[in-house]
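Here is what each chain is made of, one letter per residue.
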Amino acid sequence: MLKVDLINCTGCTACANICPKGAISFQEDDKGFRYPVINNELCIECGLCEKVCYTDRVSTTGRLKHTEYYIAKHKDPEELAHCQSGGAAFAFGEVAIRENGIVYGAYYENNNVLHGGFETKEGLIETCGSKYVQSDLNSCFTDISNKLKSRRKVLFTGTSCQVDGLYRYLENKKTDTTLLYTVDIICHGVPSPKILRDYISFVSKKTGVTFKSVNMRDRRYSPVTTTVFTAQDGKEYIENNYIDLFYTNIDLRECCGYCKFAKRDKPADITEI
């Protein structure tokens, strides 16, 4: 049976997705971070959760090391406007969708950041932009395995620990990853989703406005990191306290201070800054 390591657990959800009996669920602690909780009555002690958990391992999945480096920028200014950096991941997503693939990435929904799969350009746009919070992967790993088994091309974008968890899950499911392409980001660390929800609620109460979107790093203000809240009527509000808190590191998940991926070699096919 999996012994949950509250210091090193990244919350990648591989253990919950691999469990054949649904005995593992993720629940928020008092800080708002989600950790696995095991239902002992359902657990059959098959050991699969231990096999996919990386917390007691020194190395990553043993993926190929990066040996080539490029500077890339999306050629279309209109598409680049959706992105916070050069738009490379967006371009990869466009190719995947054109080739009947599905793109998995993080998106906002009701003041939460979730991970989901998208098959249209409109959906791909939802995954653009910096989120500065830990996303909820829910059943993404299981969905990706099913898509790969049906011979669909899949592009997954996320943090290095999420990519690593995905590969561990697929390896133990014996899923062919020939059609899987992965992109991870240079990660500063992941803040608590609860803090983000509370912050958005605070700004909404302060302004008396319900917001339809939040842009954590609006490229119009680059190189200054500026957070822009957009109301239902299109009016914009600038509030930077959340970003200021993010850079103090005090709201990051415990494992981020001991990150095994904070090095040049990453688990994904492509690492994007």
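Parameters and conventions
Residues numbered from 1 in each chain as written. Predicted model: local features only at pLDDT ≥ 70, side-chain atom pairs only at ≥ 80, totals over all residues. Heavy atoms only, no water. Helix = DSSP H or I, 4+ residues; strand = E, 2+ residues; numbered from the N terminus. Rg over C-alpha atoms; globule rule 2.2 N^0.38 Å. Buried < 20%, exposed > 50% of the residue type's maximum accessible area, 1.4 Å probe, protein only. Contact = heavy atoms within 4.5 Å. Areas by Shrake-Rupley, 256 points an atom, 1.4 Å probe, with all protein chains shown as cover. Core = buried A, V, L, I, M, F, W, Y, C linked by side-chain atoms within 4.5 Å. Pairing = 2+ DSSP bridges. Axes fitted to C-alpha atoms, helices over the stretch in contact; angles between N-to-C directions. Parallel < 35°, antiparallel > 145°, perpendicular 65-115°, else oblique. Left-handed = near helix turned anticlockwise from the far one by under 90°. Nonpolar A, V, L, I, M, F, W, Y, C, P; charged D, E, K, R; others polar.

Novice: Explain the overall build of the chain to me, please; I cannot follow it from the model alone.
Specialist: A count of helical and extended segments in the chain gives nine helices and ten strands. Here the chain has a C-alpha radius of gyration of 19 Å; the compact-globule value for 273 residues is 19 Å, and the two agree. If you line up the chain on its principal axes, its C-alpha atoms span 55 × 40 × 30 Å. Counting all 273 residues of the chain, 48% fall into the buried class. Counted over contacts in the chain with a minimum sequence separation of 6, partners at least 24 positions apart contribute 64%. Accessible surface for the chain amounts to roughly 14,500 Å². Of this, 51% is attributable to carbon and sulfur atoms.

Novice: How should I be thinking about the nonpolar core in this particular structure?
Specialist: Residues F141, I144, F156 and L180 are the most contacted members of the largest nonpolar core, which totals 30 residues. Counting only elements with at least two residues in this core, the list comes to α1 (14-18), β1 (24-28), α2 (48-52), β3 (102-109), α6 (140-149), β5 (154-158) and α7 (160-172). Looking at this core element by element, the count peaks at five residues for α7. Beyond its immediate stretch of four places on either side in the chain, F141 contacts C12, T13, A14, N17, F156, Q162, G165, L166, Y169 and L170. Core analysis: the next-biggest nonpolar cluster, separate from the first, contains 19 residues, Y132, A231, F246 and L252 among them.

Novice: In this structure, what is going on with the pairing of strand β8 (residues 228-231)? I would like to understand it.
Specialist: Both faces of the sheet carry side chains from a regular strand, because those side chains alternate between them. Burial along β8 is two-sided: V228 and T230 facing one way and F229 and A231 facing the other are all buried. The sheet contact formed by strand β7 (residues 211-215) and β8 spans four bridges and is antiparallel. Looking across to β8, one finds that F211 is bridged to A231. Sheet topology note: the β8/strand β9 (residues 236-238) ladder contains three bridges and is antiparallel. By the bridge assignment, F229 is partnered in β9 with Y237. Turn length for the β8-β9 hairpin, with the two strands adjacent in sequence and antiparallel, is four residues, and the turn residue G234 shows positive phi of about 95°.

Novice: Please clarify how the sheet that holds β7 should be interpreted in this entry.
Specialist: Taken together, three strands build an open sheet; the order of strands is β7-β8-β9 and the sheet is antiparallel. This sheet does not close on itself; its edge strands, each paired only once, are β7 and β9. The mean inter-strand angle of the sheet, taken between neighbouring strand axes irrespective of direction, is 20°. Set on the sheet, helix α8 (residues 193-207) makes contact with β7, β8 and β9; between it and β7 the angle comes to about 125°.

Novice: Explain helix α4 (residues 88-98) here, please?
Specialist: Side chains of residues three or four places apart in an α-helix project in the same direction, reflecting 3.6 residues per turn. Taken together, the buried positions of α4 are A88, A89, F90, G93, E94, A96 and I97. Packing partners of the buried residues in α4 comprise α3 (77-80), β3, β4 (112-118), α5 (121-126), β5 and β10 (270-272). Following α4 by one or two positions, N100 has its phi on the positive side, about 65°.

Novice: Quick question: what am I supposed to make of unusual backbone geometry here?
Specialist: Across residues other than glycine, the phi torsion is negative in most instances, and most of the peptide bonds are trans. With an omega of 10°, the peptide bond running from S222 to P223 counts as cis. Within the secondary structure, P223 sits in the loop between β7 and β8. The phi dihedral of E45 is positive, around 55°, even though this residue is not glycine. Tracing the backbone through its elements, the reader meets E45 in the loop between β2 (34-38) and α2. In the Ramachandran plot, N100 falls in the positive-phi region, its phi being about 65° despite a non-glycine side chain. Positionally, N100 belongs in the loop between α4 and β3.

Novice: Would you explain the pairing of β4 in this entry?
Specialist: Burial runs high along β4: five of the seven residues are buried. Strand direction decides the pairing type here: β3 and β4, joined by seven bridges, are antiparallel. Bridge pairing in β4 links V103 to F118. In textbook terms, the turn of a hairpin is the stretch between consecutive antiparallel strands, and for β3 and β4 this stretch comprises two residues, one of which, N110, has a positive phi near 55°.

Novice: I'm lost on the packing of α6 against α7 in this one. Help?
Specialist: Working note: a packed helix pair is described by the angle between its axes plus the distance between those axes. Running from N to C, α6 and α7 point in directions that differ by 55°, and their axes come no closer than 10 Å. Here α7 runs oblique to α6, going by the angle between their axes. Handedness of the crossing formed by α6 with α7: right-handed. In this structure, α6 contributes F141, T142, I144, S145 and L148 to the contact, and α7 contributes Q162, G165, L166, Y169 and L170. Considering only residue class, the contact of α6 with α7 consists of six nonpolar, four polar and no charged.

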